[in-house]
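Chain residues, written in single-letter form:
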Amino acid sequence: MFGSDTTARSGSSPALKNGRLQRATSGLRDIDSVGQVTVKGHRYLVAVLSNGSASMSDGISLVKRTARQAVA
């Protein structure tokens, strides 16, 4: 998830909505990704919400790994 190059599995057609928020007080980032993927004929609706990553790239990496594991 988190962009067309990051679908949970190859061969899937994603429907995707991503979000990101930088906290004003701590500077930490909350990243989320909600989407639909089809893997081997099975449709999955996946939502991943992160909580307080040090950087946007760290949060996106966490969301990608988690989404892939969810449909593995």
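Definitions and limits used
- Residues numbered from 1 in each chain as written.
- Predicted model: local features only at pLDDT ≥ 70, side-chain atom pairs only at ≥ 80, totals over all residues.
- Heavy atoms only, no water.
- Salt bridge = Lys/Arg side-chain N within 4 Å of Asp/Glu carboxyl O.
- Buried < 20%, exposed > 50% of the residue type's maximum accessible area, 1.4 Å probe, protein only.
- Core = buried A, V, L, I, M, F, W, Y, C linked by side-chain atoms within 4.5 Å.
- Helix = DSSP H or I, 4+ residues; strand = E, 2+ residues; numbered from the N terminus.
- Polar contact = N/O pair within 3.5 Å; in protein donor to acceptor, adjacent residues only side chain to side chain.
- Pairing = 2+ DSSP bridges.

Colleague: For the pattern of salt bridges, give the residues involved together with the corresponding values.
Modeller: In the structure shown here, the tally under the stated rule is one salt bridge. Linking Asp30 and Arg23 is a salt bridge whose minimum nitrogen-to-oxygen distance equals 2.9 Å. Of the residues examined, Arg23 reaches a relative accessible area of 27% and is grouped as partly exposed.

Colleague: Run through the nonpolar core, naming residues and quoting values.
Modeller: Counting residues in hydrophobic clusters, the biggest one holds nine residues: Ile31, Val37, Val39, Val46, Val48, Ile60, Val63, Ala67 and Val71. At the level of secondary structure, the elements contributing two or more residues to this core comprise strand E2 (29-39), strand E3 (42-49) and helix H1 (56-70).

Colleague: Could you give an account of the environment of Ala54, with specific residues and numbers?
Modeller: For Ala54, the location among the structural elements is in the loop between E3 and H1. For the pair Ala54 and Arg29, spaced 25 residues apart in the sequence, the C-alpha separation amounts to 6.4 Å.

Colleague: Account for the side chain of Ser33, naming residues and giving values.
Modeller: Among the structural elements, Ser33 can be located in strand E2. There is a polar contact of 2.6 Å between the side chain of Ser33 and the side chain of Asn18.

Colleague: An account of the pairing of strand E1 (residues 15-22) is requested, with residue identities and associated values reported.
Modeller: Inspection of the sheet shows E1 paired to E2 by eight bridges, in the antiparallel sense. Opposite Arg20, over in E2, you have Ile31 as the bridge partner. Connecting the antiparallel pair E1 and E2 is a turn made up of six residues, with Gly27 showing a positive phi of about 80°.

Keep in mind these values describe shape, not function.
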